[in-house]
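One letter stands for each residue in the lines below.
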2 protein chains.
Amino acid sequence: MVRVVVDATGGDFCPQAPVEGALKALEAEQGLLLTLAGPEGEIKQALAGKAYDAGRLAILDCPETITNHEHPATAIRRKRGSAIVQGMGLVKSGQADAFVSTGSTGAVLSGAMLLLGRMEGVSRPALMPMLPTVGGRPVILIDCGANVDCKPIHLQQFALMGSAYLQAMEGVEQPRVALLNIGAEAEKGNELTKAVYPLLDQMPIHFTGNIEARDILSGQADVIVTDAFAGNIAMKATEGAAGALMQMLKQEMTANPWYSLLAAMLKPALRRVKNRMDYEKVGGAPLIGVKGCVFKGHGSSHAGAVERMIDQAVRYVQRDVTSRVAGAIDSAGVAWHRGEG
Amino acid sequence: MVRVVVDATGGDFCPQAPVEGALKALEAEQGLLLTLAGPEGEIKQALAGKAYDAGRLAILDCPETITNHEHPATAIRRKRGSAIVQGMGLVKSGQADAFVSTGSTGAVLSGAMLLLGRMEGVSRPALMPMLPTVGGRPVILIDCGANVDCKPIHLQQFALMGSAYLQAMEGVEQPRVALLNIGAEAEKGNELTKAVYPLLDQMPIHFTGNIEARDILSGQADVIVTDAFAGNIAMKATEGAAGALMQMLKQEMTANPWYSLLAAMLKPALRRVKNRMDYEKVGGAPLIGVKGCVFKGHGSSHAGAVERMIDQAVRYVQRDVTSRVAGAIDSAGVAWHRGEG
């Protein structure tokens, strides 16, 4: 059995979305034991009238909620009764295998750092969302978490962890690892990317060189390495451009009744495009480099996205991804991360 | 008369696109004197058989071409016979008012720095492309040029220059200036954005706070301030996402003959969306902070884009944008840029 704790607090549609997502996952996956963490009364209310296998669903009463507006590390230290602190506590003590949340990114990251701790040899755990590509297979962007100011060593570790994750989790044999940069040539970039390029080139990964932001969705790379500032800009610019284009499409396609009629008949095709661009459909983002399985979903996740995130956590645990990533970090040797970071 | 030098070298469709763009601009604008700079034989060949007012079109024979693969500053120093060096020389000596190019960005930037020089009080001239927005009025993103590693003082200058440019060039009274960042709150960001936020807040501009990359195309800001690394990532991610989405639309809308038929009838609406997202339609990017008028167009610019860039240069000269931006820098006082940068 895989034991997953689902945070029922913090997201835009809590506790309904996590509760409904949990019930869907429970029904689909018989080898799953779930714990819903959050205020017991609210969770019970969301569960009322629903049919589920009560033997595989527990409630962990966590009366305190951490919001996006709190200082993450302070909130983790003070709010011991929150779902993040309590849920990660179960993972830490071995009573659960994974923790998934749609709550505050900062609090999830801080909680994982403070409560689970970093893997041996990892300076900075990283959050890696998956983006859809034109080719089909999603690409992971690492880091899109808290590491906004990075040294080369951090990007080297991101490259190694992203690559090892895809090998373990998705069975990609030689993940193509690229460096997010502003030009194709090795000498292009800012101080950080110029310094890290030759280092990535010497690592035990399949490094394919620089990738420009216009090619993120092209499917040319499996892992794109970046500091979290540029990663966040790239991810949100992508999201924003797709949204703006869909909005313009809607404006132009309803500019007259005839167009509206044609557009209505094309709706299934348009919906397919929207679904393909929808990050939620791809799933939550794993936090990699901590001692345990943690997935973070978008704050606006609906039940379906939570269900997919639970599925990902199950697979992560079954494939023992934490150990395999730790092994990759370990076997890369200490030479490239000794005394730095 | 406004005297504009058009670089007929370096772009993807040279010399045809610049030559044809120049002829279109010449026909539309009677107060224009044009000089086409490039290999004389090639330009004459591109002009052959075309009707134009020969009294307002000169050819400046520049046999050398600078490519994207050369080190920009070195190329500028060595290739004295190139269109960039010769054309900017005319601007420097007062024999021309403006220089427009679709050639190597690095060479145009280096050439302007070395040949025209920086405005008094400006540490780093900046390139500011205009992006289309959902609302209609384009937004400028400054810097998307060479300033990949910036100090706060540089971003302060970008803010002032971008704001003064829009006031002078487009008559926007109080341009809304925002800082590209990874969160809305003042304390969010990397070292650079956290340091510059309070400084921007005290400047004689209409600073509206942070803007996230997902809102770039929303029309919430008129000027978005950033270092050129993040600016480049944001711009190209936007371009890439729009391209990927159009590609997915095409795939889904031609998935069967019925959809193809509907899509064909919707073609004018789809083309309008494509046009609205097309940066070329918005025009070239001005290089601001140098002593002279320089516009840089996309390497893949066609004749129409070159024509629009020439129009922009004419307006820039007529409205005396260089002096007005220099005045804004000057009147902001020396207190905030003394001894730095």
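Residues numbered from 1 in each chain as written. Chains lettered and ligands numbered in written order. Predicted model: local features only at pLDDT ≥ 70, side-chain atom pairs only at ≥ 80, totals over all residues. Heavy atoms only, no water.

1. Some words on the relation of the copies chain A and chain B
For clarity, the cut-off: The least-squares superposition of copies is restricted to C-alpha atoms, and to residues with a pLDDT of at least 70 in both copies. Throughout, a contact is declared for two residues whenever any of their heavy atoms are within 4.5 Å.
Overlay of chain A on chain B (RMSD 0.1 Å): rotation 180°, translation along the axis 0.0 Å. What the superposition gives is, in effect, a two-fold axis relating one chain to the other. A symmetric contact is evident, with 98% of the interface residues of chain A recurring at the interface of chain B.

2. A short note on the sheet that holds strand β2 (residues 32-38) of chain B
Residues and elements named next belong to chain B. Heads up, the condition is: Paired strands, as defined in this entry, are two strands with at least two bridges between them according to DSSP. Every helix listed is a DSSP run of H or I at least four residues long, and every strand listed is a run of E at least two residues long, numbered separately from the N terminus. Comment: axis = line fitted to C-alpha atoms, over the contacting stretch for helices; angle = value between 0 and 180 degrees taken between N-to-C directions.
Spatial ordering of the open sheet is given by β3-β2-β1-β4-β12-β11-β5, a layout of seven strands whose pairing is mixed. Looking at the sheet topology across the chains shown, the edges are occupied by β3 (57-61) and β5 (126-127). Pairing between β2 and β3: five bridges, direction parallel. By the bridge assignment for β3, Leu34 is matched with Leu57. Contacts from helix α1 (residues 16-28) reach β1 (2-7), β2 and β3, with the element oriented near 175° to β2. In this fold helix α5 (residues 105-116) packs onto β4 (98-101), β5, β11 (285-288) and β12 (293-296), with an angle of close to 170° to the strand it touches most, β12.

3. Concerning the pairing of strand β11 (residues 285-288) of chain A
Residue and element names in this part refer to chain A. Here is the rule we go by: Three labels apply to residues, based on accessible area from a 1.4 Å probe with only protein chains included: buried if under 20% of the type maximum, exposed if over 50%, partly exposed otherwise in between.
By the alternation rule, side chains of β11 split into Ala285 and Leu287 and Pro286 and Ile288, which are all buried. Strand direction decides the pairing type here: strand β5 (residues 126-127) and β11, joined by two bridges, are antiparallel. When the bridges of β11 are listed, Leu127 appears paired with Leu287. When β11 meets strand β12 (residues 293-296), the two strands line up antiparallel, connected through three bridges. The partner of Pro286 across the bridge, within β12, is Phe295.

4. Some points on the interface of chain A and chain B
For clarity, the threshold we go by: By buried area we mean how much accessible surface two parts lose on assembly, using a 1.4 Å probe and totalling the loss over both. Between Lys or Arg on one side and Asp or Glu on the other, a salt bridge is scored when a side-chain nitrogen of the former is within 4 Å of a carboxyl oxygen of the latter. Counted as a polar contact is a pair of N or O atoms within 3.5 Å, where, for protein atoms, one must be capable of donating a hydrogen and the other of accepting one, and residues adjacent in sequence contribute only when both atoms are in side chains.
At the interface, 51 residues of chain A touch 51 residues of chain B. The junction of chain A with chain B conceals about 5,000 Å² of combined surface from both sides, 72% of it contributed by carbon and sulfur atoms. Residue A:Lys236 pairs with B:Glu212 through a salt bridge whose shortest N-O separation is 2.5 Å. Taken together, the links from chain A to chain B amount to twelve residue pairs in polar contact (both at pLDDT 80 or more). Looking at the side of chain A that touches chain B, the elements that each hand over two or more residues are β8 (176-181), α7 (191-201), α8 (228-253), α9 (257-265) and α10 (267-277) of chain A. Here the element with the most residues in the side of chain A that touches chain B is α8(A); it accounts for 21 residues.

5. Side note on unusual backbone geometry
Residue and element names in this part refer to chain A. In this structure, the amide linkage connecting Cys14 to the following residue, Pro15, adopts the cis form with an omega of 0°. Considering the arrangement of structural elements, one finds Pro15 in the loop between β1 (2-7) and α1 (16-28). Although it is not a glycine, Asp320 adopts a positive phi angle of roughly 55°. Summarising the element assignment, Asp320 is placed in the loop between α12 (303-318) and α13 (321-331). Its relative accessible area of 39% is what places Asp320 among the partly exposed residues.

6. Some remarks on the nonpolar core
Soluble, globular proteins show a tendency: their nonpolar side chains are buried together. How we decide: To qualify as a nonpolar core, a set must consist of buried Ala, Val, Leu, Ile, Met, Phe, Trp, Tyr and Cys residues joined through side-chain atoms within 4.5 Å.
By size, the foremost hydrophobic cluster in this structure holds 74 residues, and its most contacted members are A:Leu180, A:Ile216, B:Leu180 and B:Ile216. A:Ile216 has contacts with A:Leu131, A:Thr133, A:Val139, A:Leu180, A:Ile224 and A:Ala234, leaving out every residue within four places of it along the chain.

7. Points about a nonpolar patch on the surface
What counts here: In this analysis, a patch consists of residues with relative accessible area above 30% that form no salt bridge, clustered at 9 Å for like charges and at 5 Å for the nonpolar side chains Val, Leu, Ile, Met, Phe, Trp and Tyr. Every accessible area reported is derived by Shrake-Rupley at a probe size of 1.4 Å, with residue values counting cover from the shown protein chains alone.
Together, A:Trp258, A:Leu261, A:Met265, B:Trp258, B:Leu261 and B:Met265 line one region of the surface with nonpolar side chains, adding up to about 570 Å² of accessible area. Listing elements by their share of the nonpolar patch, those giving two or more residues are α9 of chain A together with α9 (257-265) of chain B. Considering the arrangement of structural elements, one finds B:Leu261 in helix α9. The partly exposed category is assigned to B:Leu261, whose relative accessible area is 45%.

8. Focus on the pairing of strand β9 (residues 206-212) of chain B
Residue and element names in this part refer to chain B. To be explicit about the condition: By convention, orient the strands away from the viewer: a clockwise path from the first strand over the helix to the second makes the crossover right-handed.
For β9, a buried count of five out of seven residues is recorded, marking the element as mostly surrounded by other parts of the structure. Pairing of strand β8 (residues 176-181) with β9, which is carried by six bridges, proceeds in the parallel orientation. Looking at β9, one finds that Val177 is bridged to Phe207. A crossover links β8 with its parallel partner β9, the connecting element being helix α7 (residues 191-201), and its sense is right-handed.

9. Focus: the sheet that holds strand β10 (residues 223-225) of chain A
All names here are of chain A. Pairing in this open sheet of five strands is mixed, and the strands run β6-β7-β10-β8-β9 from one edge to the other. Each having just a single partner strand, β6 (130-131) and β9 (206-212) make up the two edges of the open sheet. Of the strands in this sheet, β7 (139-142), β8 and β10 touch helix α6 (residues 152-170), which is tilted by about 170° from β10. Each of β8 and β9 is contacted by α7, which is oriented at about 170° to β8, the strand it contacts most.

10. With respect to the packing of aromatic side chains
All names here are of chain A. Using the following cut-off: Any two of the Phe, Tyr and Trp rings considered here, Trp counted by its six-membered ring, make a pair once their centres fall within 6.5 Å; the pair's planes then place it as stacked at under 30 degrees, edge-to-face at over 60, or tilted in between.
Throughout the structure, instances matching the rule amount to six aromatic pairs over all chains. Here Phe295 and Tyr316 contribute two aromatic rings whose centre-to-centre distance is 5.8 Å and whose plane-to-plane angle is 85°, an arrangement assigned as edge-to-face. Here Phe295, found in strand β12, pairs with Tyr316, found in helix α12; they are 21 residues apart in sequence, far enough to count as distant. You'll find Phe295 and Tyr316 in the same group, each marked buried.

11. Considerations on helix α8 (residues 228-253) of chain B
Residue and element names in this part refer to chain B. As a reminder, the rule being used: Expected span of a helix, by definition, is 1.5 Å for each gap between consecutive residues, and there is one gap fewer than residues.
Between its first and last C-alpha, α8 extends 37 Å over 26 residues, near the 38 Å set by a 1.5 Å rise per residue. The buried fraction of α8 is high, at 20 of 26 residues. Between the side-chain oxygen of the N-cap and the backbone nitrogen of Phe229 there are 2.8 Å, and the N-cap of α8 in question is Asp227.

12. Considerations on the confidence of the model for chain A
Counted only if it meets this: Confidence scores labelled pLDDT are given residue by residue by the predictor and lie between 0 and 100.
Mean pLDDT over chain A stands at 93; residues scoring 70 or higher make up 96%. When the criterion is pLDDT under 50, residues 337-341 of chain A qualifies, and its contacts beyond four places in sequence or with other chains add up to nine contacts.

13. A look at the pattern of salt bridges
Counted according to the given criterion, the structure contains 26 salt bridges over all chains. Where A:Lys79 meets A:Glu70, a salt bridge forms, and the shortest distance between an N and an O atom there is 2.9 Å. Taking the relative accessible area as the measure of exposure, A:Glu70 reaches 23% and is therefore partly exposed. Ionic contacts of the salt-bridge type, sharing partners, join the residues A:Glu212, A:Arg214, B:Lys236 and B:Glu239 into one network.

14. Observations concerning the packing of α6(A) against α13(A)
Residues and elements named next belong to chain A. Stated formally: Every angle not falling under 35 degrees, over 145, or within 65 to 115 is termed oblique; those three ranges are roughly parallel, roughly antiparallel and roughly perpendicular. Note on convention: the crossing is left-handed when the near helix lies turned anticlockwise from the far helix by less than a right angle, right-handed when the turn is clockwise. Residues are grouped as follows: Ala, Val, Leu, Ile, Met, Phe, Trp, Tyr, Cys and Pro are nonpolar; Asp, Glu, Lys and Arg are charged; all remaining types, including Gly, are polar.
In the contact formed by α6 and α13, the axes pass within 9 Å of each other and the chain directions differ by 140°. With respect to α13, the element α6 is oriented oblique. Helix-helix and strand crossings are classified by hand; for α6 and α13 the assignment is right-handed. Packed against α6, whose contacting residues are Leu160, Met161, Ala164, Tyr165, Gln167, Ala168 and Met169, the element α13 presents Val321, Arg324, Val325, Ala328 and Ile329 at the interface. Considering only residue class, the contact of α6 with α13 consists of ten nonpolar, one polar and one charged.

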